[in-house]
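Structural characterization, general
The lines below spell out each chain.
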Amino acid sequence: MEQTLSIIKPDAVKKGVIGKIIDRFESNGLRIAAMKKIQLDDAKAGGFYAEHKERPFFGDLVAFMTSGPVVVMVLEGDNAIAKNRDLMGATNPKEAKEGTIRADFAESIDANAVHGSDSAQSAQREIKYFFSDNEVL
Ligand code: ATP
Ligand code: MG
């Protein structure tokens, strides 16, 4: 059983589509192993996206991720990492396939509704970044 980290970003939380997004996961064989709603600050959001620190959009990304509460989750299932990325769709919602979360709930590359770990290594780091072992059930 594989685990991955999912974040419902501030735009989707504000729109009131937390439940609709979680339904996509549960309806496609991904189990919610952990979940909480939190407000990120600059340090927590910047540390999470540390790999993008030198990119021109880093400042905007941190400002967006701290613009309101997010829901962080651990999703568990067969091929959870790839399955979640498939359900999310492309980073830019305009390029995301019909029926994906980003195509249906996101407006722009900056405000793109969800995050999902992109590898086993990042999943492990990202899960530990938000959850202690006894919170993943
Ligand atoms: P995420 O890591 O949030 O799941 P991703 O893995 O699809 O998204 P990354 O390349 O890791 O995409 O970029 C992280 C985030 O940075 C994206 O979700 C997007 O909001 C923002 N981003 C990426 N590329 C650009 C860009 N060229 N211009 C503006 N923002 C961008
Ligand atoms: Mg990424």
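Let me begin by describing the structure that accompanies this report. (Residues numbered from 1 in each chain as written. Chains lettered and ligands numbered in written order. Predicted model: local features only at pLDDT ≥ 70, side-chain atom pairs only at ≥ 80, totals over all residues. Heavy atoms only, no water.)

If you check the shell around ligand 1, you find 14 residues, and the closest are Lys 9, Tyr 49, Thr 91, Ile 109 and His 115. Separating an oxygen atom of ligand 1 from a side-chain N or O atom of Thr 91 is a distance of 2.5 Å. Note that an oxygen atom of ligand 1 is positioned 2.7 Å from one of the side-chain N or O atoms of His 115. The protein chains hide 80% of the 570 Å² of surface that ligand 1 would expose on its own. Within the shell around ligand 1, the residues separate by chemical class into five nonpolar, five polar and four charged. (Near = heavy atom within 4 Å. Polar contact = N/O pair within 3.5 Å; in protein donor to acceptor, adjacent residues only side chain to side chain. Areas by Shrake-Rupley, 256 points an atom, 1.4 Å probe, with all protein chains shown as cover. Nonpolar A, V, L, I, M, F, W, Y, C, P; charged D, E, K, R; others polar.)

Now for helix 5 (residues 80-88). Of the residues making up helix 5, those classed as buried are Ala 80, Ile 81, Asn 84, Leu 87 and Met 88. Summarising the axial view, the buried residues of helix 5 lie within an arc of 130°, below the 170-degree limit, and thus occupy one face. Buried-residue contacts for helix 5 involve strand 1 (2-8), helix 2 (18-27), strand 3 (70-77), helix 6 (101-105), strand 4 (114-116) and helix 7 (120-130). Gly 89 lies just past helix 5 and shows a positive phi near 85°. (Buried < 20%, exposed > 50% of the residue type's maximum accessible area, 1.4 Å probe, protein only. Helix = DSSP H or I, 4+ residues; strand = E, 2+ residues; numbered from the N terminus. Arc of directions from axis to C-beta. Contact = heavy atoms within 4.5 Å.)

The final tally for this structure, using the stated rule, is five salt bridges. When the shortest N-O distance is used, the salt bridge between Arg 24 and Asp 104 registers 2.9 Å. Taken together, the residues span a long stretch of sequence, with Arg 24 in helix 2 and Asp 104 in helix 6 at a distance of 80 residues. Its relative accessible area of 21% is what places Arg 24 among the partly exposed residues. Note that Lys 36 is salt-bridged to Glu 135, the shortest N-O span being 3.4 Å. Placement of the pair is Lys 36 in strand 2 (residues 31-38) and Glu 135 in the segment after helix 7, with a sequence separation of 99 residues. Here Lys 36 falls in the partly exposed class, since its relative accessible area comes to 25%. (Salt bridge = Lys/Arg side-chain N within 4 Å of Asp/Glu carboxyl O.)

Let us now look at the packing of aromatic side chains. Inspection of the entire model under this criterion finds four aromatic pairs. Judged by centre distance (5.0 Å) and plane angle (80°), the rings of Phe 48 and Tyr 49 are edge-to-face. By the burial criterion, Phe 48 is buried, and Tyr 49 matches it. Geometrically, the ring pair formed by Phe 48 and Tyr 129 is tilted, given 6.0 Å between the ring centres and 45° between the ring planes. Here the residue Phe 48 occupies a position in helix 3 (residues 42-48), and Tyr 129 occupies one in helix 7, the gap between them amounting to 81 residues. With relative accessibility at 2%, the residue Phe 48 sits in the buried group. Residue Tyr 129 is classed as partly exposed on the basis of its relative accessible area, which comes to 22%. Members of the aromatic cluster, each reached through a chain of ring pairs, are Phe 48, Tyr 49, Tyr 129 and Phe 130. Between Lys 44 and the ring centre of Tyr 129, over which it is positioned, the NZ or CZ distance is 4.2 Å. (Phe/Tyr/Trp six-rings, centres within 6.5 Å; stacked < 30°, edge-to-face > 60°. Lys NZ or Arg CZ within 6 Å of the ring centre and 35° of its normal.)

Don't take any of this as a statement about function, it's just geometry.
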